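Notes for the structure review
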Amino acid sequence: MLYESIYIPSDKPPKEELLQAAYLRKYHQNWGRTGDMALIAVNQQNQAVGAVWCRLFNENEKGYGFVSPDIPELGIAIVESERGKGLGKQLLIEIIKGAKKAGYIGLSLSVDLKNTGAISLYHQLGFEDIEIEGTSKTMLYSF
């Protein structure tokens, strides 16, 4: 699902190559550490069709949507065949509830500026624009 979440509209490198890139390993390496949280949506055939996750980062190892060390960074992916059916919204609502219950003060994320559908959904759910750097926007949901 991490591979699905990476917005590269054309010439996307193979999964094994991309996920082992140094700048992306921080999102999955040693998964299960304190603060890691994930939800996976499966279809009737028990195949993963979507996921949402969050992870804490620090000043020395920032994620692309890093805001602060006490605010987890969110990631989300929906397989192409399931997009536009409300699954992403449902997963986001549930991880927001989970993060609030865990005592976090917010959730942050980074989104490609061309991914207008996702940006619209994030705004609809209450995420606010924090900054734009290059081709990405950092957004924050505050509790």
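Let us look at the structure shown here. (Residues numbered from 1 in each chain as written. Predicted model: local features only at pLDDT ≥ 70, side-chain atom pairs only at ≥ 80, totals over all residues. Heavy atoms only, no water.)

Let's talk about the pattern of salt bridges
- Under the definition given, this model contains seven salt bridges.
- Here aspartate 36 ties to arginine 33 by a salt bridge, and the two come within 4.0 Å at their closest N and O atoms.
- Look at aspartate 36 and you get buried, because its relative accessible area is 17%.
- Note on arginine 33: relative accessible area 30%, which makes it partly exposed.
- Salt-bridge contacts for glutamate 61 lead to arginine 33; the nearest nitrogen and oxygen are separated by 3.9 Å. Pair noted here: glutamate 61 is in the loop between strand S2 (48–55) and strand S3 (73–78) and arginine 33 is in the loop between helix H3 (22–25) and strand S1 (37–42), with a separation of 28 residues, a long-range link.
- On the basis of relative accessibility, which here comes to 32%, the residue glutamate 61 falls in the partly exposed class. (Salt bridge = Lys/Arg side-chain N within 4 Å of Asp/Glu carboxyl O. Buried < 20%, exposed > 50% of the residue type's maximum accessible area, 1.4 Å probe, protein only. Helix = DSSP H or I, 4+ residues; strand = E, 2+ residues; numbered from the N terminus.)

Let's talk about the packing of helix H4 (residues 87–101) against helix H5 (residues 116–125)
- For the pair H4 and H5, interaxial distance at closest approach is 11 Å and the crossing angle is 40°. Judged by the inter-axis angle, H4 sits oblique to H5. Relative to H5, the crossing made by H4 is right-handed. When H4 is examined against H5, the residues Gly88, Lys89, Leu92 and Ile93 are found in contact with a partner set consisting of Leu121, Tyr122, Gln124 and Leu125. (Axes fitted to C-alpha atoms, helices over the stretch in contact; angles between N-to-C directions. Parallel < 35°, antiparallel > 145°, perpendicular 65-115°, else oblique. Left-handed = near helix turned anticlockwise from the far one by under 90°. Contact = heavy atoms within 4.5 Å.)

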